[in-house]
Protein chains: 2
Amino acid sequence: MKVESFFSENIKAALKNDPPGEWMPSIPDKCIRLSSGFPAPALVPSEQLKAAVAKLLEEEQDLPLHYLGSPRIEKLKQQIQVRMADRGISISKDELLITSGACQAIDLIARILLNDEAVVAVESPTYMEALEIFKNYTQHFISIPVDEHGLQTDLLEEVLSERKRLGLTLPRFLYTIPTFQNPTGTTMAAERRQRVLELAAKYNFLILEDDAYGELSFNHSPQPLKANDKDGRVLHVGSLSKVIAPGLRVGWIAGTNGFISALAWFKKDLDHPFAQATMATFMEDIIFEERINLLRDRYRSKCAVLISALEQFLPESVSWYVPNGGYFVWVNLPGVDTAQLLTHALSEGVSFIPGKYFFLDQNDGIEFLRLSFSYADEKDIVEGVKKLGKAVNSILK
Amino acid sequence: MKVESFFSENIKAALKNDPPGEWMPSIPDKCIRLSSGFPAPALVPSEQLKAAVAKLLEEEQDLPLHYLGSPRIEKLKQQIQVRMADRGISISKDELLITSGACQAIDLIARILLNDEAVVAVESPTYMEALEIFKNYTQHFISIPVDEHGLQTDLLEEVLSERKRLGLTLPRFLYTIPTFQNPTGTTMAAERRQRVLELAAKYNFLILEDDAYGELSFNHSPQPLKANDKDGRVLHVGSLSKVIAPGLRVGWIAGTNGFISALAWFKKDLDHPFAQATMATFMEDIIFEERINLLRDRYRSKCAVLISALEQFLPESVSWYVPNGGYFVWVNLPGVDTAQLLTHALSEGVSFIPGKYFFLDQNDGIEFLRLSFSYADEKDIVEGVKKLGKAVNSILK
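On a predicted model such as this, the values are computed, not experimentally measured, just so you know.

Side note on the domain arrangement of chain A
Residues and elements named next belong to chain A. By domain assignment, chain A separates into domain 1 (3–45 + 290–396) and domain 2 (46–284). Domain 1 puts 33 residues into the contact, and the matching count from domain 2 is 40 residues. Counting the surface lost from both domain 1 and domain 2, the interface buries some 3,200 Å², and carbon and sulfur atoms represent 63% of this. Joining domain 1 to domain 2, the criterion identifies zero salt bridges. In this assembly, domain 1 and domain 2 are joined by 14 residue pairs in polar contact (both at pLDDT 80 or more). Contributing elements (two or more residues each) for the side of domain 1 that touches domain 2: helix H1 (9–17), helix H10 (288–313) and strand E11 (328–332). Looking at the side of domain 1 that touches domain 2 element by element, the count peaks at seven residues for H10. Considering only residue class, the side of domain 1 that touches domain 2 consists of 23 nonpolar, five polar and five charged.

The structure is reproduced here in structure tokens:
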């Protein structure tokens, strides 16, 4: 019996285009992880979450351990509504769907909007997991380069008007991370934000706005696209993974009622009542602004340490964008194949993510890499960049 | 802007066939819930789970709060391998995928196997959430009646041979709950189990075996289909929801490596590291057999209380299957529309699930209802059935 013979046609196509297993080499335990887009261990509130679980189970006993028993799940919705309001987004309960992190949110949106003929517009480079999710639904993409001011809206318009002229399918949606982008760390400029919204109306597409890093500014957080969304074209995805803890998997989608009820229908029971109730209990006992301010201070400082180490240990030819928030620094190394560099770096004892993984056409990413300053501590960041510098010099020689 | 205009074609079809919102009336708080397929509150180990979280976070700090950081996630896999071995199913690590409960397992399987032309064979009646999940992918079903010995395999073979003769599409898979079925409580007889496996080979379809209740026998648990699966046709879905706690959402799929790696690819990051690590910590500190034996004793006793109350308070014309395990009793009330009965029952103060929700053609379920003895305590079960009897008598008069 051949198992593949039972797969549905679109799944066969997706697996053929993007076979499982094509991913990063495994990272030795002792390596300094400048690859990991995780929050800093010291900034994950383990103790308070332990206390939250104890409080929750004391007050509610078995309720949060059933399917949807805890009244705190409704409370979490309210807490998220407040977060959204603080980002300039005013939404009712019916315009909000809690998901298992941003990934489930992106997958659900892809599921209701895409089929194998749909076209998706993405930033180049972009978040690799989102790309992988979209590729499960369609193989048709438009890829628009990002520069230091974010998505290049002029290029987007060029592509759109050309496609319209030729009678080609226009994108169903644009996937963008406008603020502290993964992987480039760049932020879309205000006038480009305006432009993207205008283009969406003009060419009739939706916008999937991924705001996972939006609150983690070093100075100020620009308003999300959703805050200026006049006709409900923006599906805004938020997450508590980067500001509290990824392991609880709390994300959400803010959108018009019409979208949210369709998304909810396809989400079914894929909820995590215990994690959601734990998160709500934790949130009710903290002052969120204080937590965010702490994170901003710490990550600003870690980013500065990384940038200064790059200046010190990397050769002149290497350049990078200086981010104003988020977790990442995007580095350009002319003449270096960063996949090859990774082998050297791992044996030196430092990891990063080669740029190719963030591009639809992996060749576009050969001379780039993503560094994360979120996870490693400051001493390790310096040490890690020093090791990276050694690895780069050994290749350039 | 009309949001529906952006939905993909298959989603439009699914929403048209099965619009959101068509579901049970809400149940007043004071009602005795004979509708809820939840474990008994007293049997949900809240205290031990609280201790497990404390132990986990003490020993691992932030690890289980990151994406896949906890080493206990691997341990959970081993614990499930042992559970499977105890059910007569020998599987390697690569033949096992942990999911967010049985629902995500069923959804993932539907996702890789179905498209809008695929045919699914289901039991009649069957688990309503599974039906809803399948309807998101296809509208083509074969519905095979269940009697007191489970799926009527003779009828299944008749339908299959007739479809083959006519050149009609054969099912991609059969969805079955062979042991302590939801909603009928029936168990598939040994010779029928053998027959189903033979038919799968003869007509080249797969079997999606849902074993959520399999361990909860009052006497003995029959071997799952997967235990006698010679050529890898059975995708076996298990769950800890009914034996530990639904709110942690730990389920799994056991299948051949080929299926598991494709399923894993589409599952992506939709994991719950914190819940999984909590479950593993809980499991390492209990003797599972003792827990299962306790559950069996308690549910056996609760079931007996329900059956005896039915004998006492329901009119002669009403009949039911006596289950040998699981959570449910399936009741037939000739001449009663159970959706209408529900209104009366709710005002008496008791809830149940009308039979129609468990059928593809809801008309087939009008005179049936599902009672659950799992959630309410014994006193409430008696009281609830008494109220149900009053509601039935008020309608039959």
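Observations regarding the sheet that holds strand E9 (residues 251–254) of chain A
All names here are of chain A. Overall, mixed pairing links the eight strands, which are arranged E2-E9-E8-E7-E6-E3-E4-E5 in an open sheet. Edge positions in the sheet fall to strand E2 (96–99) and strand E5 (150–151), since each has one partner strand and no second. Across three bridges, the pairing between strand E3 (residues 119–124) and strand E6 (residues 173–176) is parallel. Paired with Val120 across the strands is Phe173, a residue of E6. The strands touched by helix H3 (residues 72–86) within the sheet are E2, strand E8 (234–239) and E9, with E2 carrying the most contacts at an inclination of about 115°.

Re the interface of chain A and chain B
Of the residues lining the interface, 75 residues belong to chain A; the matching set on chain B comes to 76 residues. For the chain A face of the interface with chain B, the top three residues by lost area are Phe6, Tyr67 and Trp265 of chain A, together amounting to 12%. Counting the contacts that link chain A with chain B gives four salt bridges. For Glu58 of chain B, the salt bridge goes to Lys50 of chain A, with nearest N and O atoms at 2.8 Å. Here chain A and chain B share 21 residue pairs in polar contact (both at pLDDT 80 or more) between them. Elements with a contribution of two residues or more to the side of chain A that touches chain B: H1, helix H2 (46–60), helix H4 (101–113), helix H5 (128–135), helix H8 (257–267) and helix H9 (273–284) of chain A. The element that contributes the greatest number of residues to the side of chain A that touches chain B is H2 of chain A, accounting for seven residues. Per-class residue counts for the side of chain A that touches chain B are 40 nonpolar, 18 polar and 17 charged.

Describing the packing of aromatic side chains
Residues and elements named next belong to chain A. Summed over the entire model, instances satisfying the criterion amount to 29 aromatic pairs over all chains. Residues Tyr213 and Tyr327 carry aromatic rings whose centres are separated by 5.5 Å and whose planes lie at 70° to one another, so their mutual orientation is edge-to-face. Of this pair, Tyr213 sits in the loop between strand E7 (206–210) and E8 while Tyr327 sits in the loop between strand E10 (319–320) and E11, placing them 114 residues apart in sequence. Using a relative accessible area of 0% as the deciding quantity, one classes Tyr327 as buried. A ring pair is formed by Tyr213 and Phe328, whose centres lie 5.4 Å apart and whose planes are at 70°; its orientation type is edge-to-face. Taken together, the residues span a long stretch of sequence, with Tyr213 in the loop between E7 and E8 and Phe328 in strand E11 at a distance of 115 residues. With respect to burial, Tyr213 and Phe328 carry one shared label: buried. Here the aromatic cluster, defined as three or more aromatic residues joined through ring pairs, consists of Tyr213, Tyr299, Tyr327 and Phe328.

Structural notes on the nonpolar core
Counting residues in hydrophobic clusters, the biggest one holds 162 residues, and the most contacted among them are Leu341 of chain A together with Leu341 of chain B. Setting aside residues up to four positions removed in sequence, Leu341 of chain B forms contacts with Leu333, Val336, Phe352, Leu369, Leu388, Ala391, Val392 and Ile395 of chain B.

Each value, and the rule that gives it
Chains are numbered independently. Their residues run from 1 in the order of the written sequence. Think of it this way: whatever chain is written first is A, whatever ligand is written first is 1, and the rest follow in order. It should be noted that, the model being predicted, local features are given only for residues of pLDDT at least 70 and side-chain atom pairs only at 80 or more, the latter also being counted only at that level, while totals for whole chains, interfaces and linings use all residues. With hydrogens and water set aside, each side-chain value is computed from the structure's full complement of heavy atoms. For the domain bounds, the source is a domain assignment made automatically or taken from a database. A contact between two residues is defined here by any heavy atoms of the two lying within 4.5 Å. Simply put, the buried area is the total loss of 1.4 Å probe accessible area from both parts when two parts are fitted together. Only one rule defines a salt bridge in this text: a Lys or Arg side-chain nitrogen within 4 Å of an Asp or Glu carboxyl oxygen. Polar contacts, as used here, are pairs of N or O atoms within 3.5 Å; protein pairs need one atom able to donate a hydrogen and one able to accept it. Residues neighboring in sequence count only if both atoms are side-chain atoms. Where helices and strands are cited, they refer to DSSP runs of H or I of at least four residues and of E of at least two residues respectively, numbered from the N terminus. When residue character is reported, Ala, Val, Leu, Ile, Met, Phe, Trp, Tyr, Cys and Pro are called nonpolar, Asp, Glu, Lys and Arg charged, and the others, Gly included, polar. Paired strands, as defined in this entry, are two strands with at least two bridges between them according to DSSP. Helix axes use the C-alpha atoms of the stretch in contact, all axes being lines fitted to C-alpha atoms, and the angles between their N-to-C directions lie in the range 0 to 180 degrees. Any two rings among Phe, Tyr and Trp, with Trp reduced to its six-membered ring, count as a pair given centres within 6.5 Å; such a pair is stacked if its planes are under 30 degrees apart, edge-to-face if over 60, and tilted if neither. Per-residue accessibility, obtained with a 1.4 Å probe over protein chains only, is compared with the maximum for each type, and a residue is labelled buried under 20%, exposed over 50%, and partly exposed between these values. Residues grouped as a nonpolar core are buried Ala, Val, Leu, Ile, Met, Phe, Trp, Tyr and Cys residues, joined through side-chain atoms within 4.5 Å.

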